[in-house]
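One letter stands for each residue in the lines below.
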Amino acid sequence: MECIAGALDDAGIALSEVDGLCVAASDWAEGGGVSSLTEFAEYAGITPTFFDSTDVGGCSYIVHAGHAAAAITAGLADVVVISYAACPRWWPLDTPSFDPFVLPAGPGQFELPYGPTLISTYAMFAQRHMGLYGTTSEQLAKVAVTFRQHAANNPHARFTAPITIDDVLASTPIASPLRKLDCCVVTDGGGAIVMTSAERAKDCRRRPVHLSGYGSAAARTQLSQIAHDLSTPATISGPRAFAMAGIGHDDIDVAQIYDAFTITPMLALEDLGFCGRGESGGFVDDGHLTLGGRLPTNTDGGGLSSNHPGKRGIFTLIEGVRQLRGEGPGLQVPDAEVALVHGLGGTFCAAATAILTV
Amino acid sequence: MTKGMSPVTDVTSDPFWEGVRAGRLMIQRCPVTGKHQWYPRAHSIHAVGASPEWVEASGHGTIFSFTTIQRGMSAFETPYTCVLVMLEEGVLVLSRLEAEPGADIRVGMPVEVFFGTVAGTPDLPLFRIREERP
């Protein structure tokens, strides 16, 4: 509620105006489960007429932004709040495994008995990428090092002290080739976004940021179903977002790309077309993810350094907005006017891409 | 004491598990296109409407990817290596790779199936490096 109140105050919109609500809170530390939407409405004291609890993992809130825009355009709602919060550090009950697949039944009966952890599923992508394209652990580490640099000035970031490639390589092995510093932080946290029509936004407290493009795709769950070339649903969500916005890659000033693990944004860079298939290691190595590069990315420090309560999508939207307002708390890209926000859900199971403009 | 996760089987998967008990790796094939599919479904993903047929796989494949898990779920003793195998029939399957500690494992290596348990489960298909025969 603190997040919703803060976002509404920022917009200059009263809670009583809110008639749309989007939440995705099916995971344990989010506390909601299947009734999350009605519980949330009850807790906030609102009765939304448009609501969406689409939950495809971390990118769900980017999906909500797309759905909210469609709902507002269709007249289903005037003011939609998208909200997220989770407390994995505080959570007082026995913590279930992070594994995304709950039961060894249905398709899961052929995978869960072997004990694939969530991290190990990303590790499979990383190992294959290294085997196919010669990507190195040092290149993976460069992603973590770069985003830590961006977190240095962010007072809200979990970790701000600089790290080196050697630090990453020397950190605890978790699931080869991924080490502890290849993995996102675990933090409590939350965030909220207020969406309304461009017309209504004219009277808001702050200069609005526009959702100019959006695309999504949902593809699979089981590891056995991954694309043989490691492409992910981002190959579908990305082009749709670019086409809707009517812009090209060179128009993007800043990007927020979900970084659950170091391999995560690397595959996204390829799928979204910022580099060729298999070339993300070199792209990262060449310093393109920071100021002076082609695509300054995760300017708040991302999930690897700033925060990651479980589903980070809301924070990619929030940092995208902050960049376009010139208020990035970590690294601010000067005069940023177009931001790309991209997230995945599960282990590259779903994807959502948004283009934000001012 | 570790406790594994035994598969919850069903009518669609029964022929597969019967095969495992007989030491055979069964997968499905589309009767229309001749393409294989994994995991078992009641329909062909290559020709929806067609019922897939069960065929025995060769049990040979190559390592598509792998990961040695050092920190994992409490149900499993670490370290262990999960593997994605590209079967000769062109489908990916997840399994365990049984290999000596410190073994040189690389993407693309040939592997072969065998059957065994994981932390108390019934027999499952497992894989090991296949020695190249002269």
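In this text, all values refer to a predicted model and were calculated from it rather than measured experimentally.

Within chain B, the secondary structure is distributed over 1 helix and 8 strands. Secondary structure elements of chain B, listed N to C terminal, follow the sequence α-β-β-β-β-β-β-β-β. Relative to a compact globule of 134 residues, whose C-alpha radius of gyration would be 14 Å, chain B shows 16 Å and is just as compact. Oriented by its inertia axes, the alpha-carbon framework of chain B measures out at about 45 × 40 × 25 Å. A burial count over chain B gives 33% of its 134 residues as buried. A fraction of 50% describes how many contacts in chain B between residues 6 or more apart in sequence connect residues 24 or more apart.

Moving on, we come to the domain arrangement of chain B. All names here are of chain B. Looking at the assigned domains, one finds that chain B contains domain 1 (10-56) and domain 2 (58-134). Each of domain 1 and domain 2 was reduced to a C-alpha centroid, and the two centroids are 21 Å apart. Counting residues at the interface gives 8 residues for domain 1, matched by 11 residues for domain 2. Of all the secondary structure elements, the ones that give two or more residues to the side of domain 1 that touches domain 2 are helix H1 (14-21) and strand S2 (36-37).

Residues and elements named next belong to chain A. Strand order in the open sheet made by the 4 strands is S7-S10-S9-S8, with mixed pairing throughout. Only two strands of the sheet have a single neighbouring strand rather than two, namely strand S7 (210-218) and strand S8 (254-257). Strand-to-strand twist in this sheet, taken as the mean axis angle between neighbours without regard to direction, amounts to 10°. Bridge count for S8 against strand S9 (residues 338-345) is 4 bridges, and the pairing is parallel. Note that in S9 the partner of Ile257 across the bridge is His342.

Moving on: the UniProt feature "domain: Thiolase C-terminal" (unreviewed entry) in chain A. UniProt marks residues 215-357 of chain A with the feature "domain: Thiolase C-terminal" (unreviewed entry), using the numbering shown here. Helix makes up 31% of residues 215-357 of chain A and strand 17%. Its end C-alpha atoms lie 15 Å apart.

Right, let's talk about the interface of chain B and chain A for a bit. Contacts between the two partners involve 35 residues from chain B and, on the opposite side, 30 residues from chain A. Elements represented by at least two residues in the side of chain B that touches chain A include exactly strand S4 (60-69), strand S5 (80-87) and strand S6 (92-98) of chain B. Ranked by residues supplied to the side of chain B that touches chain A, first place goes to S4(B) with 6 residues. For the side of chain B that touches chain A, the residue count by class is 20 nonpolar, 12 polar and 3 charged.

Moving on: the nonpolar core. Counting residues in each nonpolar core, the largest one holds 137 residues, and the members touching the most others are A:Ala65, A:Val80, A:Ile82 and A:Ala354. When near neighbours in sequence (up to four residues on either side) are disregarded, A:Ile82 contacts A:Cys22, A:Tyr61, A:His64, A:Ala65, A:Ala68, A:Ala192, A:Ile193, A:Met195 and A:Ile314.

In this section: the environment of A:Leu304. Residues and elements named next belong to chain A. The topology assignment puts Leu304 in helix H11 (residues 302-305). A tally of 30 C-beta atoms within 10 Å means that Leu304 is categorised as buried. As a C-alpha pair, Leu304 and Leu181 span 123 residues in sequence and 7.6 Å in three-dimensional space. Sequence-distant contacts of Leu304, that is, excluding residues within four places in its chain, are made with Ala144, Phe147, Cys184, Val185, Asp259 and Thr262.

Residues at a pLDDT of 70 or more form 96% of chain A, whose mean pLDDT is 92. Every residue in residues 97-101 of chain A scores below 50 in pLDDT, and together they form 12 contacts with partners more than four places removed in sequence or on other chains.

How each quantity is defined
Along each chain, residue indices are assigned from 1 in the same order as the chain's sequence is written. As a convention, the first chain written is A and the first ligand written is 1, with the rest following in written order. Since the coordinates come from a predicted model, pLDDT governs what is reported: local features require at least 70, and pairs of side-chain atoms require 80 or more to be given and counted, while whole-chain, interface and lining totals use all residues. Helix and strand definitions here come from DSSP, where helices need a minimum of 4 consecutive H or I residues and strands a minimum of 2 consecutive E residues; each element is numbered from the N-terminal end. For this measure, only C-alpha atoms enter the radius of gyration; the expected value for a globule follows 2.2 Å times N^0.38, where N is the number of residues. Partly exposed residues are those falling between the two cut-offs: more than 12 but fewer than 20 other C-beta atoms within 10 Å of their own, whereas 20 or more means buried and 12 or fewer means exposed, with C-beta atoms placed from the backbone. Two residues qualify as being in contact provided that their C-beta atoms, derived from the backbone, are within 7 Å of each other. The start and end points of each domain follow an automatic or database-based domain assignment. Should DSSP find at least two bridges between two strands, the strands are regarded as paired. A fitted line through C-alpha atoms serves as each axis, taken over the contacting stretch for helices, and the angle formed by two N-to-C directions is quoted from 0 to 180°. UniProt positions are given in the numbering used here, feature names are shortened, and annotations may be inferred rather than shown by experiment. Classification convention: Asp, Glu, Lys, Arg as charged; Ala, Val, Leu, Ile, Met, Phe, Trp, Tyr, Cys, Pro as nonpolar; all other residues, Gly among them, as polar. To count as a nonpolar core, a set of buried Ala, Val, Leu, Ile, Met, Phe, Trp, Tyr and Cys residues must be joined through C-beta atoms within 7 Å. The predictor attaches a confidence to each residue, and that confidence, scored 0 to 100, is pLDDT.

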